[in-house]
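# Observations on the model geometry
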Amino acid sequence: MEALITSTVETFGRVDVLVNNAGVMLLSPLEQQHYTEWEQMLDTNVKGMLYGIGATLPYFQQQRSGHFINVSSISGHRVDPTSAVYSATKFAVRALSEGLRQEVKPYNIRTTILSPGITQSELTHQITDPVAQEMVKGMAGMAISADALARAVAYAIDQPQDVDVNEIILRPTAQLY
């Protein structure tokens, strides 16, 4: 992340927005004890976001502006069977984002949490647990496109500097929860 941000600043003179969107969703019941998958979710979903913030924050502070957009999930608002660890990581994204929001106010830095519902992506293809695979299989037909998320990100970025869109929850119209 540090190399990416440094390269961006060297190439363009500054960095204005960081979208922390890396994530994995390896659903399984806790009793299955998929420790490696739990660690992978924590490393990617929580530590990955933290490393992005750590690499970018000094530049944002120096320029006294910037915008962090951290992608959480509907699972950061609720927990379902097989999603305890995934949900924990997405709750962490929300908690860390709120702490960041409070800490960066003196620097005029904005923060947005984007919590999408069912989305067309490769996330469900990585699920190894057959019970969890079956649970998500029927939801693919209602998934919203990545373009819908991009429009939400653009909305948050396009607000005047004195407006901070702190959180966006975005679901398919057909999604019940």
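Here we summarise the structure given alongside this text. (Residues numbered from 1 in each chain as written. Predicted model: local features only at pLDDT ≥ 70, side-chain atom pairs only at ≥ 80, totals over all residues. Heavy atoms only, no water.)

Take unusual backbone geometry next. Residues other than glycine seldom take positive phi values, yet Arg 64 does so here, at roughly 60°. Mapped onto the elements, Arg 64 comes out in the loop between α2 (35-63) and β2 (66-71). The residue Asn 108 is not glycine, and still its phi comes out positive at about 65°. The residue Asn 108 is located in the loop between α3 (84-104) and β3 (109-116) in this model. (Helix = DSSP H or I, 4+ residues; strand = E, 2+ residues; numbered from the N terminus.)

Mapping Asn 20 onto the fold places it in strand β1 (residues 17-20). Separated by 2.8 Å, the side chains of Asn 20 and Asn 70 make a polar contact. Not counting chain neighbours up to four residues away, the residues in contact with Asn 20 comprise Gly 48, Met 49, Gly 52, Ile 53, Ile 69, Asn 70 and Val 71. (Polar contact = N/O pair within 3.5 Å; in protein donor to acceptor, adjacent residues only side chain to side chain. Contact = heavy atoms within 4.5 Å.)

This brings us to the pattern of salt bridges. Going through the model one piece at a time under the given rule, you end up with seven salt bridges. When the shortest N-O distance is used, the salt bridge between Lys 47 and Asp 43 registers 3.0 Å. In this pair, Lys 47 and Asp 43 are both assigned in helix α2, four residues apart and thus about one turn of the helix distant. A relative accessible area of 38% places Lys 47 in the partly exposed class. (Salt bridge = Lys/Arg side-chain N within 4 Å of Asp/Glu carboxyl O. Buried < 20%, exposed > 50% of the residue type's maximum accessible area, 1.4 Å probe, protein only.)

This brings us to a nonpolar patch on the surface. Together, Met 1, Leu 4, Leu 50, Tyr 51 and Leu 96 give the surface a local cluster of nonpolar side chains, amounting to about 470 Å² of exposed area. Examined against the element boundaries, Met 1 turns out to sit in the segment before α1 (2-12). Overall, the relative accessible area of 41% leaves Met 1 in the partly exposed class. (Patch = residues over 30% accessible without salt bridge, like charges linked within 9 Å, V, L, I, M, F, W, Y side chains within 5 Å. Areas by Shrake-Rupley, 256 points an atom, 1.4 Å probe, with all protein chains shown as cover.)

Take α2 next. For α2, spanning 29 residues, the distance from its first C-alpha to its last is 41 Å, which sits close to the expected 42 Å at 1.5 Å a residue. Most pronounced at Thr 56, the bend in α2 amounts to some 35°, and the proline Pro 58 follows within four residues. Within α2, the full set of buried residues consists of Glu 37, Trp 38, Met 41, Asn 45, Val 46, Met 49, Gly 52, Ile 53, Ala 55, Thr 56, Leu 57 and Phe 60. On its buried face, α2 is in contact with α1, β1, β2, α3 and β3. Remark: Arg 64 follows α2 within two positions and exhibits a positive phi of approximately 60°. (Expected span 1.5 Å × (residues − 1). Bend = angle between axes of the 7 residues up to and from the residue.)

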